[in-house]
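Chain by chain, the residues run as shown.
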Amino acid sequence: MSHPPLSIVMTHADWLGLFTHFMTLSLLSIGGAITTAPEMQRYLVNDRLWLTDAQFNSSIALAQAAPGPNVLFVALVGWNVGLNAGGGLGAGMAGWGFALLGVAVTMVGMMLPSATLTFFAARWGHRNRELRPVRAFKQGVAPIVIALLLSTGWVLTAGHNHPAQDWPLWLLTVVTALVVWKTRIHLLWLLGAGALLGALGLA
Amino acid sequence: MSFLPAQKHPQPQSLSDLFMSFTLLALQGFGGVLAVVQRELVEKKQWLTREEFVDDWAVAQILPGPNVVNLSMMIGDRYFGLRGALVALAGMLTLPLLVVLAMALLFAGIADVPAAQGALRGMGAVAAGLITATGLKLIGALHTNVMGARICWALAAITFIAIALLRIRLLWVLLVLGGLASMWAYRQLGALRAVGASQ
């Protein structure tokens with residue numbers, strides 16, 4: 001996307017590792033797929049070096065700008081890993097094939113465990129919603145889920161770690177958070193404003 | 001309340017109605033679908049009452065997975081069983097996935113233009129703000145938490161430090177903190193019940 005693909009080599013074991021890691025993330029994604037973004041970034045960008053920070057951040061930004069559930073950022077993350085492994089779209093069929101493989105591996109990995117669990121647990125939970133352990137779990141994890149969302153915002157912003165140069169981006173994030181928190185403005189206006197400020201070089 | 005038998009509220013007519021409804025719903029949701037779900041399913045289609053929506057939303061939020069996708073699966077399951085859940089899931093993801101990939105492709109074509117890179121950087125900063133604001137909005141829900149405000153704040157602060165600053169693995173944070181918090185909440189719920197019984 002916004003940066004030249006990394007050149008990486010992915011073995012079969014690497015693809016399997018990617019798949020199982022996303023299966024794990026799926027089961028941890030209480031509060032939505034986006035709450036696993038810090039862990040995903042740690043694994044893909046810091047540990048395995050399969051993705052650049054810029055690719056990771058732009059995957060989330062594009063998915064937010066697009067319609068649909070936020071979980072689709074996972075598809076773009078997979079798309080970018082695939083592009084890096086397949087030499088980019090310039091590599092023709094191989095590039096496309098790897099990119100689509102990346103989408104399939106990450107999306108199926110992300111959706112399969114949580115969807116299966118949801119199907120059975122929602123039925124069970126609906127029947128037993130007054131039980132004390134069910135209520136205790138809901139109450140216990142509530143503050144943690146909220147803190148995970150705040151952590152995601154922090155990790156995305158902290159990727160810009162040159163304060164002297166990146167302060168307008170930090171400011172834009174803080175102002176956006178305050179505006180969305182306190183007003184009912186349509187989110188599309190904010191994304192548009194962010195795009196415009198960025199395109200003009202002001203952020 | 002009426003003494004008539006509970007009136008059946010409107011419901012999806014068929015699997016294709018379910019698929020189309022969730023597809024259209026997902027395509028309207030920029031920067032998150034929750035607000036659209038409430039407006040479409042509760043106010044317009046009336047497949048759910050407001051009370052049913054709140055109840056289902058709590059469960060959808062507690063379970064892992066994208067909340068709105070979880071909610072759509074629960075609704076699909078209620079009317080058409082497993083097939084309904086799968087169709088709802090497909091409706092929420094298929095077309096939006098194609099749209100987002102098309103956007104990535106379009107963007108790749110102009111990715112070398114500095115203005116395009118700047119635009120995406122700006123949108124990324126806004127996206128970080130949107131996610132932060134979602135967290136801030138939900139803080140209000142903690143006021144009624146059985147663990148009390150101080151414990152909630154402490155849990156949230158420890159989670160933030162562990163995940164955002166120390167970059168500890170999510171699995172350990174959820175197992176250790178989530179486990180301790182749930183046990184504490186269980187105890188508090190018991191104490192609450194004891195107080196209720198003694199009054």
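Model, not experiment: these values are computed from the prediction.

This next bit is on the overall build of chain B. Helix and strand counts for chain B stand at seven helices and zero strands. Of the regular secondary structure in chain B, the N- to C-terminal order runs α-α-α-α-α-α-α. Taken over C-alpha atoms, the radius of gyration comes to 21 Å for chain B, far larger than the 16 Å a tight globule of 199 residues would show. Projected onto its principal axes, the C-alpha coordinates of chain B cover approximately 70 × 55 × 25 Å. With 199 residues in all, chain B has 47% of them scored as buried. A separation of at least 24 residues holds for 51% of the contacts in chain B among residues at least 6 apart in sequence.

Take the nonpolar core next. Residues Leu18, Phe22, Met40, Leu44, Phe56 and Phe73 of chain A together with Phe22 of chain B are the most contacted members of the largest nonpolar core, which totals 95 residues. In terms of residue count, helix H4 (residues 67-109) of chain B provides more of this core than any other element does, 16 residues in total. In this view, Phe22 of chain A contacts Met40, Leu44, Val74, Val77, Thr106, Gly109 and Met110 of chain A; residues no more than four positions away in its chain are not counted. Among the nonpolar cores identified, the runner-up in size contains 22 residues, and Leu142, Val146, Cys152 and Ile163 of chain B belong to it.

Residues and elements named next belong to chain B. Residues given the UniProt feature "transmembrane region" (unreviewed entry) here are residues 18-37, 80-107, 119-139 and 151-177. Helix and strand shares over residues 119-139 are 95% and 0% respectively, and the end C-alpha atoms of the span are 31 Å apart. Span residues 151-177 is 85% helix and 0% strand, its end C-alpha atoms 12 Å apart.

Accessible area lost during the coming together of the parts is what is often quoted as the interface size. On the chain B side, the residues contacting the 92 residues of chain A number 92 residues. For the pair chain A and chain B, the two sides together bury roughly 8300 Å², of which 77% comes from carbon and sulfur. For the chain A face of the interface with chain B, the top three residues by lost area are Pro67, Arg132 and Ile144 of chain A, together amounting to 8%. In this structure, the connection of chain A to chain B is made through two salt bridges. A salt bridge links Glu39 of chain A to Arg169 of chain B; the nearest nitrogen and oxygen atoms lie 3.6 Å apart. Connecting chain A to chain B are eleven residue pairs in polar contact (both at pLDDT 80 or more). Classifying every residue of the side of chain A that touches chain B by side-chain character gives 57 nonpolar, 28 polar and seven charged.

Definitions and cut-offs
- Residues numbered from 1 in each chain as written.
- Chains lettered and ligands numbered in written order.
- Predicted model: local features only at pLDDT ≥ 70, side-chain atom pairs only at ≥ 80, totals over all residues.
- Heavy atoms only, no water.
- Helix = DSSP H or I, 4+ residues; strand = E, 2+ residues; numbered from the N terminus.
- Rg over C-alpha atoms; globule rule 2.2 N^0.38 Å.
- Buried < 20%, exposed > 50% of the residue type's maximum accessible area, 1.4 Å probe, protein only.
- Contact = heavy atoms within 4.5 Å.
- Core = buried A, V, L, I, M, F, W, Y, C linked by side-chain atoms within 4.5 Å.
- UniProt positions renumbered as here; feature names shortened; annotations may be inferred.
- Buried area = accessible area lost by both parts, 1.4 Å probe.
- Salt bridge = Lys/Arg side-chain N within 4 Å of Asp/Glu carboxyl O.
- Polar contact = N/O pair within 3.5 Å; in protein donor to acceptor, adjacent residues only side chain to side chain.
- Nonpolar A, V, L, I, M, F, W, Y, C, P; charged D, E, K, R; others polar.

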